[in-house]
Amino acid sequence: MLRLPKFSYHRPASGAEAVRIVAAHGGEARYVAGGTDLYPNMKRRVQRPGHVVALSRCQDLRGMRGEARSGVTIGAMTTLSAIEHDPRLRAEYPGFVHAASVVSTPLLRNMGTIGGNLLLDTRCNYYDQSHEWRESIDFCKKCDGSTCWVAPSSPRCWAVQSSDTVPLLCAIDASVTLLGADGERRVPLRALYRDDGIDFVQKRHEELLTALHLPATNGWRASYRKLRRRGSFDFPVLGVGACLSMDGDRVAELDVRIGGAGSWPIPAQKTVEMLRGAVLRFDDAASDELIRAAAQEAYKPTRAMDNTDLDAHWRKKMAPVFVARAIRDCLPGAPPRRDVLG
Amino acid sequence: MGADAAGSGAPIERPEGRYLHGVPDADLKVVGKPWRKIDARARVTGQTRFADDLFAPRMAYCKLLRSTQAHARIVRIDASAAEAMEGVYAVLLGKDLPITFGILPVSQDEHTLCIDKVRFVGDPVAAVAAVDEDTAWEACRKIVVEYEALPLVTDVFTAAATDPEAPHEHRIHDYGRLGNFHRQENLEFGDLAQGFGESDLVREDFFFFEGNTHLPMEEHATLATFDPDGKLCVQSSTQTPHYLHRALAKVLAEHVPAHKIRVIACPNGGGFGGKSDPFSHEIAVAMLSIRTGRPVKVTLTREEVFYTHRGRHPVLMRSRIGVSRSGRIKALDFETHLDGGAYGSYGTASTFYTGALQCVTYHVENYWFRGARYFTNKAPCGPKRGHGTPQPRFALEVQMDKLAVELGLDPVRIRKDNLVPANSLTANWMRVGTMALGRCIDQVVAGSGFLDRWQKLPHGKGVGLACSSYLSGAGLPIYWNAMPHSGVQLKLDRSGLVTVFCGSTDIGQGSNSILAYVVGEVLGLDPQDLRIVTSDTDLTPVDLGSYSSRVTLMTGNAALQAAERARDLIAPHVADKLGVPRNRIGFAKGRVFDVSDPDQGMPFADAVQLAESKLGTIGTTGSYRPPKSPARYKGGGVGPSANYSFTAAVVEVDVDPETGIYTVPRIFVAHDIGRSINPCLVMGQVEGSVYMGLGEAMMEEMSYRSDRFGVHKIPSMLDYKSPTTMEMPELITWLVGDPDPNGPFGAKEAGQGPLLPIMPAVANAVFDAVGVRVDEVPITPEKVFEGIERARKGKEPRVGPTKTPHVDWPEARKVRTPWQGGTGLEVEREQEELAAARANGGASRERRGD
């Protein structure tokens, strides 16, 4: 078994105290929530914090409040299992609950938190490897090296956005609260992420994500379609979040984000533009054709590369299929999602 | 007559039918019943002590430094900084252990630690013993190794193209055939030209079976203890303690003699063939213990388990088959190319296995096999469940499906028309005894409604049929010797306890329980009451190991002999005491009694005391060696077995034509087990095989990045994809067959054969669902999708290889088939033998194969 390196462990009782500790130690310190992402990374020596600041005792990061009519706030330390099994969320935010429920395995969802999932490190199978393995390729740009082995001539890192909840939460325009040394700020998730495998979150190092805010449910419907090899364990190698509001038969608002196929949740801009104002009905050939044609536009922005499971070219070809399916899921009359594959 | 005389001395081989296959089910108390495994409670309550659970006072921890280069010369190693570290007890380098080892006598090509060159990323280069694992790891980082890169070979085409005249460095090993060829075999049975000439239809197909690994839950671990009296004890997660003992004795010859080495195989947390070789880490900790005088333990990381590998060979195949209009197989010309990885391992046997069992399911009139194994700079391949036979089985079963479609026959009919008859010889001289494949096929076809559904389901849904066979133990040992393959000793105590000693190793399959069931049956004892002592080279007689599905048959037969001898020692004295004829003495329910009047008798313990009073200490032995094979040609040593199991499977698939993603809702499988010693354990083996086969069919692959220094792409359990419970289909299992005269109580193997039909049945079902032939394993959604797209574009809806490397094959060893009047020898040697026989006045020509 790989072993953890040595580190100092802090257990503050509040978010504010946690922020103070991290601010004091700077880049040497990291927060840990469920630990399902950080600890494996530490065992592989891709992250080597001298100070680990555990959030498990911070009661202010737990709990849920608000209601669907005005929006719900979920504490960052809420586990994915708690979200998956919460009756109110299941009834009012089924798309979000579905996305949370297809993360990894039940055991990891019992530990993993929503805050951790939103800030999940980007993944790459040149990066998520042991120290010894990475030594064999002389390391990579994201950690200890200088070359991005996915695209050696590229100046950037191509590690992949791999959170299941992020594409959906961006599509529904959720936001988060970040607590810093000089107070709180609220940031829409759509503005939180950057298209870079290394520097993928726009927040200061000591800023702590304390809560997730789900928007009011005023008629929109959302869906998440996940491509992965198996019905459990696997990170998405394509994850499409879609959110649709209708005005009668017409598309009033649509947002589609493509995850697992680039370093950030890629907006399917052209697809959205083509369908804005369109007449769409569930189980209707003409609507399906419209959706399919619009979804085809998602092919181009999808940046599937050879650094995840499954063939990159096929994954790119699957993007339009998954985008179309996610949009169809959101049409009035579409059945609720239960499947774990696709 | 003393106990010693009665307890041994009979010939090792007994005539067919002496293994109680004829006893009716109704007369059996233990055999055929679903008894609990004798070690089940410890396993499920977490009390079984695996190798990594072992701890000894003053124990040091070992870590190996492994090569970061796939093919390189070692220019310099400097371990001084590591040696100087606080907490480091010893550092071992390649030069400290210059003697080579390897599982097969023909490929002694491994050093414990590389000396002058490394051959794959992960090849062990140094070993450190330290106060704890962290210190050992840090010390490894301080060892400086300077490499000089050598040309990288990661596939069979590059390996085949290695110029034999090229400088020495281009070769991965300096033995084997030319260049980077390890083996080239060419065997011809019958008259191929005539066979193809008589064929109405000839098909040539290319197939590829990707390599995959065993993925045992337990990572390999070893604890070595060199004691002050100069004795070495090695406790290890190995399937083959006897072979490990031999390797240790060879490599450590200068340090400790063979009789002072004790190997204890710990219960294995899964083996599947991956713990059948002697390994560097096992020898390294032994030497470190000798060096430091401390117990030294090593536990591999999951990544290191991927490097240790010895798993399924990637095999590229070409199969040309000729059949009559009615589908009878006239000729089969089969060519295999095995990507062996960096070392020999079992590779020579693996190569022969890719040609050995094609003819035991369907009658092949004329058969030509050519097999080549190549060295490449990847983790060494070896035996994985099915050893060398799943790859050709995949090819053959898919080709049968193609033939059926092309001839307008159905897949059931073409198989049943070609079945090998029971009690017959195949073209390559394999002796098939009982054979219930026809019944297996009938069972799965009826049970799944195959004929009502094949070619009749809506687009996207399909069913596929495939069959297989596997051997119940290899007919020959790994190193040439005339001794038994398996030995059992019984010790009978005055308390009534019977202790069974046997060198076999329980890798979770239940082999310890089999000993208890067999002995318990014969002596009328509750299997849970016996003491089973196994896999300890100091205490137990040799059993060759848990490989080739040999354990139940061989240890079962040896235990049967030992138990019968114990019964025969006790019975006369009880008969005398009761005053009844000896043939009226029975053993059941812990008593020995008069079968005509069961109240007249005594507890088993009293019977033992009675016999001990007359004979002295009561102990017996039993041994087993498989029957001689009629395959006497060179290469005929691989494939023969005391009996063969047979399996048929029907797989259902549900394909999403828009993506190529498919699921497997149900699998139907029927297995010819002869007679089950424990049907529950057999079912477990069958269903576990199906699960493992499904992983190979759908997703598992050892992938390397040949353009990135030859690293393994995904050496982790998250990224090397293997099915989860979510992928496991509903499974409907039947056990069929009649007791086989060569198996203990009629048993055959169960642990490997049922894996084989799954991959081709999935391929055939995908074809039935969407008309796409994926002539490659794994059958991934990308490949199914590619086939669908090809069909859409009007191209041949097939995905798979189209060529094999060029090989200058050695001249074929020609063997006449039984129906040509052959003798099982090469034609050339037949003539030599004839001449010799004439000179000797017709002396016996009994000789074993090589």
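**Here's the deal with the overall build of chain A**
Moving on, step 1. Across its full length, chain A holds 12 helices and 12 strands.
Moving on, step 2. A compact globule built from 342 residues should have a C-alpha radius of gyration of about 20 Å, and chain A, at 20 Å, falls within 12% of that.
Moving on, step 3. Put simply, chain A has 342 residues, and 52% of those count as buried.
Moving on, step 4. Of all intrachain contacts in chain A linking residues separated by at least 6 positions in sequence, the fraction that spans at least 24 positions is 68%.

**A few points about the overall build of chain B**
Moving on, step 1. Looking only at helices and strands, chain B has 21 helices and 35 strands in total.
Moving on, step 2. Burial status across chain B gives 60% buried among its 850 residues.
Moving on, step 3. Intrachain contacts of chain B at a sequence separation of at least 6 include 80% that bridge at least 24 residues.

**Examining the interface of chain B and chain A**
Moving on, step 1. Taken together, the contact between chain B and chain A spans 26 residues of the former and 25 residues of the latter.
Moving on, step 2. Of all the secondary structure elements, the ones that give two or more residues to the side of chain B that touches chain A are helix 4 (133–141) and helix 20 (781–792) of chain B.
Moving on, step 3. Looking at the side of chain B that touches chain A residue by residue, the class counts come to 11 nonpolar, 4 polar and 11 charged.

**Some words on the sheet that holds strand 2 (residues 29–32) of chain A**
Residues and elements named next belong to chain A.
Moving on, step 1. Strand order in this open sheet of 3 strands is 1-3-2, and the pairing throughout is parallel. Across the chains shown, the open sheet's two edge strands, defined by having one partner strand only, are strand 1 (8–10) and strand 2. Averaged over neighbouring strand pairs, the angle between their axes works out to 25 degrees when direction is ignored.
Moving on, step 2. In the sheet, strand 1 pairs with strand 3 (residues 51–54) via 3 bridges, with the strands oriented parallel. The partner of His10 across the bridge, within strand 3, is Val53.
Moving on, step 3. Contacts from helix 1 (residues 15–25) reach strand 1, strand 2 and strand 3, with the element oriented near 155 degrees to strand 2.

**Quick look at the confidence of the model for chain B**
All names here are of chain B.
Moving on, step 1. Chain-level statistics for chain B give a pLDDT mean of 96 and a share of 97% at 70 or above.
Moving on, step 2. Segment residues 1–7 is flagged for pLDDT under 50; beyond a separation of four residues in sequence, or across chains, it makes 16 contacts in the model.
Moving on, step 3. Within the model, the stretch residues 843–850 combines pLDDT values under 50 with 12 contacts to residues more than four positions away or in other chains.
Moving on, step 4. Across the predicted assembly, pTM comes out at 0.97 and ipTM at 0.97.

**Some remarks on the domain arrangement of chain A**
Residues and elements named next belong to chain A.
Moving on, step 1. According to the domain assignment, chain A consists of domain 1 (1–59) and domain 2 (62–119 + 160–329).
Moving on, step 2. For domain 1 versus domain 2, the distance between C-alpha centres works out to 27 Å.
Moving on, step 3. Taken together, the contact between domain 1 and domain 2 spans 17 residues of the former and 17 residues of the latter.
Moving on, step 4. Of all the elements, helix 1 adds the most residues to the side of domain 1 that touches domain 2, at 6 residues.

**Let's talk about the sheet that holds strand 7 (residues 183–188) of chain A**
All names here are of chain A.
Moving on, step 1. One open sheet holds the 5 strands; their spatial order is 4-5-8-6-7, and the pairing between them is antiparallel. Across the chains shown, the open sheet's two edge strands, defined by having one partner strand only, are strand 4 (64–67) and strand 7. Averaged over all pairs of adjacent strands, the angle between their axes in this sheet comes to 20 degrees, without regard to strand direction.
Moving on, step 2. Looking at chain direction, strand 4 and strand 5 (residues 71–75) are connected through 4 bridges and run antiparallel. The partner of Gly66 across the bridge, within strand 5, is Val72.

**Side note on the packing of helix 16 (residues 551–578) of chain B against helix 17 (residues 604–615) of chain B**
Residue and element names in this part refer to chain B.
Moving on, step 1. Interaxial distance between helix 16 and helix 17 falls to 9 Å at its minimum, and their mutual angle equals 100 degrees. Here helix 16 lies roughly perpendicular to helix 17, going by the angle between them. In this structure, helix 16 contributes Leu569, Ile570, His573, Val574 and Lys577 to the contact, and helix 17 contributes Ala607, Val608, Leu610, Ala611, Lys614 and Leu615.
Moving on, step 2. Per-class residue counts for the contact of helix 16 with helix 17 are 8 nonpolar, 1 polar and 2 charged.

**Remarks on the pairing of strand 2 (residues 72–78) of chain B**
Residue and element names in this part refer to chain B.
Moving on, step 1. Of the pairings in the sheet, the one linking strand 2 to strand 4 (residues 117–118) comprises 2 bridges and is antiparallel in character. Each bridged residue has a counterpart across the sheet, and for Ala72 the counterpart in strand 4 is Val118.
Moving on, step 2. Pairing analysis gives 6 bridges linking strand 2 to strand 6 (residues 144–149), with the strands arranged antiparallel. When the sheet's bridge partners are listed, Asp78 is paired in strand 6 with Val144.

**Observations concerning helix 7 (residues 241–251) of chain B**
All names here are of chain B.
Moving on, step 1. Counting buried positions along helix 7 gives 9 out of 11 residues, so the element sits mostly inside the fold.
Moving on, step 2. Taken together, the buried positions of helix 7 are Pro241, His242, Tyr243, Leu244, His245, Arg246, Ala247, Leu248 and Val251.
Moving on, step 3. Packed against the buried residues of helix 7 are strand 10 (232–236), strand 11 (261–265) and helix 8 (280–292).

**So, helix 13 (residues 437–448) of chain B**
Each turn of an α-helix holds 3.6 residues, which means side chains three or four residues apart point in the same direction.
Residues and elements named next belong to chain B.
Moving on, step 1. For helix 13, which comprises 12 residues, the first-to-last C-alpha distance of 16 Å matches the rise-based estimate of 16 Å (1.5 Å per residue) to within 8%.
Moving on, step 2. Within helix 13, the full set of buried residues consists of Leu437, Cys440, Ile441, Gln443, Val444, Val445 and Ser448.
Moving on, step 3. The inward-facing, buried residues of helix 13 contact helix 12 (411–417), helix 14 (450–453), strand 18 (461–471), strand 26 (644–655), strand 28 (666–672) and strand 31 (730–736).

**Section: the packing of helix 15 (residues 511–523) of chain B against helix 16 of chain B**
Residue and element names in this part refer to chain B.
Moving on, step 1. At their nearest, the axes of helix 15 and helix 16 sit 9 Å apart, and the two run at 30 degrees to each other. Taken as axis vectors, helix 15 and helix 16 run roughly parallel relative to one another. In terms of crossing hand, the pair formed by helix 15 and helix 16 is right-handed. On helix 16, the residues touching Ser511, Ile514, Leu515, Val518, Val519, Val522 and Leu523 of helix 15 are Val551, Thr552, Thr555, Gly556, Ala559, Leu560, Ala563, Glu564, Ala566 and Arg567.
Moving on, step 2. Tallied by class, the residues present in the contact of helix 15 with helix 16 amount to 11 nonpolar, 4 polar and 2 charged.

**Some thoughts on the nonpolar core**
Moving on, step 1. Counting residues in hydrophobic clusters, the biggest one holds 335 residues, and the most contacted among them are Cys62, Ala126, Val128, Val500, Val519, Val762 and Val766 of chain B.
Moving on, step 2. Summarising the domain contributions, this core has at least three residues from each of domain 1 (1–59) and domain 2 (62–119 + 160–329) of chain A.
Moving on, step 3. Each residue touching Ala126 of chain B, except ones within four places of it in the same chain, is listed here: Leu65, Ile77, Ala79, Val91, Leu92, Leu93, Leu113, Cys140 and Ile143 of chain B.
Moving on, step 4. In this structure, Tyr126, Tyr127, Phe139 and Ala159 of chain A belong to the second largest nonpolar core, which totals 14 residues.

**Observations regarding the environment of Arg229 of chain A**
Moving on, step 1. Mapping Arg229 of chain A onto the fold places it in the loop between strand 9 (221–227) and strand 10 (238–247).
Moving on, step 2. Spatially, the C-alpha atom of Arg229 of chain A lies 7.7 Å from that of Asp309 of chain A, the residues being 80 residues apart in sequence.
Moving on, step 3. Residue contacts for Arg229 of chain A: discarding those within four places in its chain leaves Asp234, Asp309 and Leu310 of chain A together with Met699 and Lys721 of chain B.

The rules we used
- Residues numbered from 1 in each chain as written.
- Chains lettered and ligands numbered in written order.
- Predicted model: local features only at pLDDT ≥ 70, side-chain atom pairs only at ≥ 80, totals over all residues.
- Helix = DSSP H or I, 4+ residues; strand = E, 2+ residues; numbered from the N terminus.
- Rg over C-alpha atoms; globule rule 2.2 N^0.38 Å.
- Buried ≥ 20, exposed ≤ 12 C-beta atoms within 10 Å, placed from the backbone.
- Contact = placed C-beta atoms within 7 Å.
- Nonpolar A, V, L, I, M, F, W, Y, C, P; charged D, E, K, R; others polar.
- Pairing = 2+ DSSP bridges.
- Axes fitted to C-alpha atoms, helices over the stretch in contact; angles between N-to-C directions.
- pLDDT = per-residue confidence, 0-100.
- Domains from an automatic or database assignment.
- Parallel < 35°, antiparallel > 145°, perpendicular 65-115°, else oblique.
- Expected span 1.5 Å × (residues − 1).
- Left-handed = near helix turned anticlockwise from the far one by under 90°.
- Core = buried A, V, L, I, M, F, W, Y, C linked by C-beta atoms within 7 Å.

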